[in-house]
Amino acid sequence: MQRRALLTILILAAAITAAGAQHSGPMGPFPKHGPGGMMEAHMAQFGLFPPDFVLANQTALGLSDQQILAITKDIGATHDKFGGTKEKLEPLAEQLHTMLSQTRIDEAEALALASQVQDIEKQIKLTHLGLMIRVKNSLTPEQQEKLKSLAPPPRPDRPDRGGPRPSQAPDQ
């Protein structure tokens, strides 16, 4: 049971990291949702969707003005929290990239720099996950089900997106 919980946490972390790098919405960096986005297979299975996807479907979901205001305020607060984070992360990531591209790498220095980058990425991932949880909690159970139905299904031709794994190939 603990192993399965750890695997789920690792999948969530990987999905948020990869997806966050793929898309930047109008309100700031949010994981991409849609064909090819990591969100479709990993986060959607938990009923967690990025707030821009929820707001884009507000009419279909029947969101109240109060819900829209709460989600919008949450997005703004999250965006404000990330104000200087991107400015800290980009130079560190570039420095790490440059360091790793060298012929000889100072292992201790590279690992220390990688740790700094991962610490910032972890803050971002946890903040995004918290935002998606708060958005889900602001929706009624009916709206949550409707949102799941609006999400595109995982692509069956992509094992990394919820399709069959080689060991789970369909019967011939």
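Residues numbered from 1 in each chain as written. Predicted model: local features only at pLDDT ≥ 70, side-chain atom pairs only at ≥ 80, totals over all residues. Heavy atoms only, no water.

Asks: I'd like a description of the overall build of the protein, backed by residues and values.
Replies: Along its length, the protein carries 7 helices and 0 strands. The buried share among the 172 residues of the protein stands at 35%. With an accessible surface of roughly 10,900 Å², the protein has 57% of that area assigned to carbon and sulfur atoms. (Helix = DSSP H or I, 4+ residues; strand = E, 2+ residues; numbered from the N terminus. Buried < 20%, exposed > 50% of the residue type's maximum accessible area, 1.4 Å probe, protein only. Areas by Shrake-Rupley, 256 points an atom, 1.4 Å probe, with all protein chains shown as cover.)

Asks: I'd love a proper account of the environment of Pro 153, names of residues and values included.
Replies: The topology assignment puts Pro 153 in the segment after α7 (141–150). C-alpha separation for the pair Pro 153 and Ala 44, spaced 109 residues apart in sequence, amounts to 9.5 Å.

Asks: Give a description of the pattern of salt bridges that names residues and reports values.
Replies: Tallied over the full model, the rule gives 3 salt bridges. Here Arg 134 and Asp 74 are joined by a salt bridge, their closest N and O atoms 2.9 Å apart. Of this pair, Arg 134 sits in helix α6 (residues 107–138) while Asp 74 sits in helix α4 (residues 65–81); the two residues are 60 residues apart in sequence, bridging distant segments of the chain. Looking at Arg 134, the relative accessible area reads 39%, which means it is partly exposed. Taking relative accessible area as the criterion, Asp 74 reaches 18% and is therefore assigned buried. (Salt bridge = Lys/Arg side-chain N within 4 Å of Asp/Glu carboxyl O.)

Asks: I'd love a proper account of the environment of Val 135, names of residues and values included.
Replies: Looking at where Val 135 falls in the secondary structure, it is placed in helix α6. A residue is classified by how much of its surface remains accessible, and Val 135, at 2% relative accessible area, is buried. In contact with Val 135, other than residues within four places in its own chain, are Pro 51, Val 54 and Ile 71. (Contact = heavy atoms within 4.5 Å.)

Asks: How would you sum up the packing of α4 against α6? Please name residues and give values.
Replies: Contact pair α4 / α6: the axes reach a minimum separation of 10 Å and the direction vectors enclose 175°. In terms of orientation, α4 and α6 fall into the roughly antiparallel class. On the side of α4, the interface is formed by Gln 67, Ile 71, Asp 74, Ile 75, Thr 78 and Lys 81, while α6 contributes Thr 127, Leu 131, Arg 134, Val 135 and Ser 138. (Axes fitted to C-alpha atoms, helices over the stretch in contact; angles between N-to-C directions. Parallel < 35°, antiparallel > 145°, perpendicular 65-115°, else oblique.)

Asks: Run through helix α5 (residues 85–100), naming residues and quoting values.
Replies: The end-to-end C-alpha separation of α5 is 22 Å, in line with the 22 Å expected for 16 residues at 1.5 Å each. Buried residues of α5: Thr 85, Leu 89, Leu 92, Leu 96 and Met 99, and no others. Each buried residue of α5 lies within a common arc of 95° when the element is viewed along its axis, so the set occupies one face. Of the exposed residues in α5, the ones pointing more than 90 degrees away from its buried face are Lys 86, Glu 87 and His 97. On its buried side, α5 packs onto α4 and α6. (Expected span 1.5 Å × (residues − 1). Arc of directions from axis to C-beta.)

Asks: Would you mind going over the packing of α5 against α6 in detail, with residue names and values included?
Replies: At a minimum axis distance of 9 Å, the contact between α5 and α6 shows a crossing angle of 150°. Between α5 and α6, the crossing angle belongs to the class labelled roughly antiparallel. α6 is crossed by α5, and the crossing has left-handed handedness. Across the interface between the two elements, Thr 85, Lys 88, Leu 89, Leu 92, Ala 93, Gln 95, Leu 96, Met 99 and Leu 100 from α5 touch Glu 109, Ala 110, Leu 113, Ala 114, Gln 116, Val 117, Ile 120, Glu 121 and Ile 124 from α6. When its residues are assigned to classes, the contact of α5 with α6 shows 12 nonpolar, 3 polar and 3 charged. (Left-handed = near helix turned anticlockwise from the far one by under 90°. Nonpolar A, V, L, I, M, F, W, Y, C, P; charged D, E, K, R; others polar.)

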